[in-house]
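Given next are the chains, with one letter for each unit.
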Amino acid sequence: MKFRLQSLIVNLVVFTLGFLSLLAPFVLPQARNPGFSSTSFPITVSLIIVLCVLLTLFEVQSTGLDNKMIAFLGVLIALNAGLRFLENAIPGPAGFSPTFFLIIIVGYTLGGRMGFLMGAMTMFVSGLITGGIGPWLPGQMITAGWVGQSAGLLHAGLKRSRWQGKPAEIILLTIFSGVWGLLYGAIMNLWFWPFLGGASGQSWHQGASLAENIGRYTAYYLATSLVWDITRAIGNVLILSLMGRSVLRIFDRFEQRFSFQIQREEAK
Amino acid sequence: MSVAATWVAWLVASMILLLSTRNPIYLALVILLLFILGARQAKAKGQQGWVSQNLRFAGTMLALSTLINALFTHTGQTELSALPKDWLLIGGPYTLESLVYGAINGLVISALYLLFNIFNLSLSIKQITRLIPRAFRPLTVMTTISLTFFPAIQDRTHQIREAQLIRGNPMKKISDWLPILMPLLVGSLEDALLLSESMTARGFHVQAGQKQNRITLIGLILAVFAIFSGWILRLFNYPEWISLLLYTLGGATIILVLAAAGRAQNVTSLHQDEWRSRDLLAFTLLVAAGLFLIYALAAELNACFSYSIYPRLGPPEVSVIGLGLSLIPGIPILFKRHD
């Protein structure tokens, strides 16, 4: 109970600060104040996101990780990083990535916290392997983490329904993965867009309406990311609908095998 | 120059420089130095085509940034052409100033990308993993497991794929992945089970729910709030010293709580980075240059870092101090690479 409360507080803090930072150009027009250097905007947002990721990772590692989970996730993350390379073996269109499939399945079967860890660490390890460490990585880590975390919430919601183990479960997971395919790109653009989108204090003046700002972002998103994200969403939908049931069965089997507890023997 | 701390100092100092200047002359100089340094590091690693690959990226970024800014920002006095004002978002005058502003943004983005690209190129995966604070030991173990298993998983993928090809699986559609993924997944999870048992047998144990962890967590939450508040207050034009105070408090709290949590972890560090005299010299030089850069920014020395394009485009100013500080990203060029 104590751990659940702790987890809830950390998640609330991370979600609030993470989203407020990413949505600052919409909700705080001062984010484009002429007196404030727009160059530092994405880096400051990245820094706050790094801290949010660290906070969540520390909370999860201090309450939810044991040897089994470390080994389990470590191997799965390696597998997921390997799937990125499989992309090259079986060519797909730009934006298509099989990475989200396992993140969603892990979050769905092992819960939101493990899902977060799987998402965030997959991006980190992939970054290490592919030389992709940079200011974009914190955004990738937290967004992929949220993909896994929300899959855990989806499972919690479905638990009470009678849909588990039925085709409706896979249909829901498929829709969920498609939505995240689009959302991932939209969220990832947020830290970067104010930087790219125009002159400080000129295109985004104080008092500009939320609708106007959303309109500008939509135009930017349509011009630069939509095609890419649609491909990702279609890829997610295809992979989950074709492989979701079989992989879920394997995870259910291994979840039982991993559910034993090792207890320390008390000294006599 | 191959010690991780030196490259971190280089990254931090160069990033401060890039974040504080919009002067296109300095930015061009920084990018030139980064290309020279990157080409050298790539050659040392035996990587072909690094320069052309990154030139393509920088060119694309420059073009994209210029185009987007010119399309959506209709400010400036030098009008090049115009679309009817009632056209949603793209309607209005197209100005030289917004084109140049976009191009400068593109230069900064390209420079940032090159900076991290060279950082990745210069350090081994092991060195980067070692930069993870000791307080995150379980996650470091997890990362190490992933990095260790990765080649084995790639080999296994290759073997399964070959076996499937022999059996007549064309491997062209997404559904053809299933016969690869299933054995790969089952085999990997069996490995994970064995690994966790052997970790337990060898005495690796993660202690959960300690009091220390709770203190660290509270400290981290307060620190994140302090830094976030400093940023928000800065956005609302509150006095700068309040933000600086909050940043310092937040940063110091993070360092202190993570150091305390790290001390509680028993970790043996093997294969430490070897500091040679040239590493020490490079590190000292980079730290000194970084500190001078911060001083120049705080004391508002005539470094001509800022460059205002609006309302009318004019030539950027250049100063000796500014030019000197723009050489910071090129400092590693002075030192020979050794492994």
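Residues numbered from 1 in each chain as written. Chains lettered and ligands numbered in written order. Predicted model: local features only at pLDDT ≥ 70, side-chain atom pairs only at ≥ 80, totals over all residues. Heavy atoms only, no water.

### Looking at the overall build of chain B
Phase 1: Along its length, chain B carries 11 helices and two strands.
Phase 2: Starting at the N terminus and ending at the C terminus, chain B contains elements arranged as α-α-α-β-β-α-α-α-α-α-α-α-α.
Phase 3: For 339 residues, the compact-globule formula gives about 20 Å, and the C-alpha radius of gyration of chain B, at 26 Å, lies well above that figure.
Phase 4: Counting over 339 residues, chain B shows a buried share of 46%.
Phase 5: For chain B, restricting intrachain contacts to residue pairs at least 6 apart in sequence, the fraction spanning at least 24 positions comes to 70%.
Phase 6: Carbon and sulfur atoms make up 65% of the accessible area of chain B, which amounts to about 16900 Å² in all. (Helix = DSSP H or I, 4+ residues; strand = E, 2+ residues; numbered from the N terminus. Rg over C-alpha atoms; globule rule 2.2 N^0.38 Å. Buried < 20%, exposed > 50% of the residue type's maximum accessible area, 1.4 Å probe, protein only. Contact = heavy atoms within 4.5 Å. Areas by Shrake-Rupley, 256 points an atom, 1.4 Å probe, with all protein chains shown as cover.)

### As for the overall build of chain A
Phase 1: Within chain A, the secondary structure is distributed over 11 helices and zero strands.
Phase 2: Across the 268 residues that make up chain A, the buried fraction comes to 63%.
Phase 3: Summarising the internal contacts of chain A: among those between residues at least 6 apart in sequence, 82% fall at separations of at least 24.
Phase 4: Total accessible area computed for chain A in this model is approximately 10300 Å², and 64% of it derives from carbon and sulfur atoms.

### Here's the deal with the interface of chain B and chain A
Phase 1: In this assembly, 87 residues from chain B lie in contact with 100 residues from chain A.
Phase 2: Taken together, the two surfaces of chain B and chain A that pack against each other cover about 8500 Å², and 80% of this comes from carbon and sulfur.
Phase 3: Viewed at the interface, chain A and chain B are joined by zero salt bridges.
Phase 4: On inspection of chain B and its partner chain A, the count reaches four residue pairs in polar contact (both at pLDDT 80 or more).
Phase 5: When the residues that make up the side of chain B that touches chain A are grouped by side-chain class, the tally is 58 nonpolar, 21 polar and eight charged. (Buried area = accessible area lost by both parts, 1.4 Å probe. Salt bridge = Lys/Arg side-chain N within 4 Å of Asp/Glu carboxyl O. Polar contact = N/O pair within 3.5 Å; in protein donor to acceptor, adjacent residues only side chain to side chain. Nonpolar A, V, L, I, M, F, W, Y, C, P; charged D, E, K, R; others polar.)

### Brief notes about helix α7 (residues 178–201) of chain B
Residue and element names in this part refer to chain B.
Phase 1: Taking 1.5 Å of rise per residue, the 24 residues of α7 would be expected to cover 34 Å, and the 34 Å separating its terminal C-alpha atoms lies within 8% of that figure.
Phase 2: Residues I180, L181, M182, L184, L185, S188, L189, A192, L193, L195, S196 and M199 constitute the buried set of α7.
Phase 3: In the segment just after α7, G203 is the residue with positive phi, at about 90°. (Expected span 1.5 Å × (residues − 1).)

### Regarding a nonpolar patch on the surface
Phase 1: Residues L182(A), I230(A), I234(A), L238(A) and L242(A) make up a contiguous nonpolar surface patch of about 390 Å² in total accessible area.
Phase 2: Turning to its location among the elements, L182(A) is positioned in helix α8 (residues 167–190). (Patch = residues over 30% accessible without salt bridge, like charges linked within 9 Å, V, L, I, M, F, W, Y side chains within 5 Å.)

### Let's talk about the packing of helix α1 (residues 4–20) of chain B against helix α4 (residues 96–122) of chain B
Residue and element names in this part refer to chain B.
Phase 1: Where α1 meets α4, the closest approach of the two axes is 11 Å, and the angle between their N-to-C directions is 180°. On the basis of their axis angle, the class for α1 and α4 is roughly antiparallel. The residues of α4 that touch α1, namely those facing W7, V8, W10, L11, S14, M15 and L18, are V108, A111, L112, L115, F116, I118, F119 and S122.
Phase 2: Considered class by class, the residues forming the contact of α1 with α4 number 13 nonpolar, two polar and no charged. (Axes fitted to C-alpha atoms, helices over the stretch in contact; angles between N-to-C directions. Parallel < 35°, antiparallel > 145°, perpendicular 65-115°, else oblique.)

### Focus on the confidence of the model for chain B
Phase 1: Here chain B shows a mean pLDDT of 87. Residues at 70 or above account for 97%.
Phase 2: The ipTM assigned to the predicted complex is 0.86, against a pTM of 0.84. (pLDDT = per-residue confidence, 0-100.)

### As for the side chain of N23(B)
Residues and elements named next belong to chain B.
Phase 1: Residue position: N23 is located in the loop between α1 and α2 (24–44).
Phase 2: The class for N23 is buried, based on a relative accessible area of 0%.
Phase 3: If we ignore the near neighbours within four places in the chain, the residues touching N23 are C304, F305, Y307, P316 and E317.

### A closer look at the packing of aromatic side chains
All names here are of chain A.
Phase 1: If you walk through the whole model with that rule in mind, you get 15 aromatic pairs over all chains.
Phase 2: On the numbers, 5.5 Å between centres and 65° between planes, the contact of F15 with W146 is edge-to-face. Linking F15 in helix α1 (residues 2–22) with W146 in helix α7 (residues 137–159), this pair joins segments that are 131 residues apart in sequence.
Phase 3: Residue F15 is classed as partly exposed on the basis of its relative accessible area, which comes to 45%. (Phe/Tyr/Trp six-rings, centres within 6.5 Å; stacked < 30°, edge-to-face > 60°.)

### Topic: the pattern of salt bridges
Phase 1: Counted by the stated rule, this structure contains five salt bridges over all chains.
Phase 2: Here E59(A) ties to R113(A) by a salt bridge, and the two come within 2.7 Å at their closest N and O atoms. With E59(A) in helix α3 (residues 40–63) and R113(A) in helix α6 (residues 112–130), this pair connects stretches of sequence that are 54 residues apart.
Phase 3: Residue classification places E59(A) among the buried positions, given a relative accessible area of 1%.
Phase 4: For R156(B), the salt bridge is made with D191(B), and the minimal N-O distance between the two is 2.7 Å.

### Quick word on the nonpolar core
Phase 1: Judged by nonpolar contacts, the single largest core of 173 residues is most densely connected at L57(A), F72(A), L117(A) and W10(B).
Phase 2: Among all residues touching F72(A), those that are not within four sequence positions of it are L110(A), F251(A), F254(A), F258(A), L189(B) and A192(B). (Core = buried A, V, L, I, M, F, W, Y, C linked by side-chain atoms within 4.5 Å.)

### Looking at empty space enclosed by the protein
It is a probe the size of a water molecule, rolled over the atoms, that shows where empty space is left.
Residues and elements named next belong to chain A.
Phase 1: Under the defined criterion, the tally for this structure stands at two cavities of 30 Å³ or more.
Phase 2: Its volume calculated, the second largest cavity comes out at about 30 Å³.
Phase 3: As for the second largest cavity, its lining consists of L22, V45, S46, I49, P135, G139 and W191.
Phase 4: Of the residues forming the lining of the second largest cavity, the biggest block, three residues, is contributed by α3.
Phase 5: Looking at the lining of the second largest cavity residue by residue, the class counts come to five nonpolar, two polar and no charged. (1 Å grid on protein atoms, 1.4 Å probe; cavity = no way out; pocket = protein on both sides within 12 Å on 5 of 7 lines; lining within 4 Å. Points joined across faces, edges and corners; volume = space filled by probe spheres on them.)

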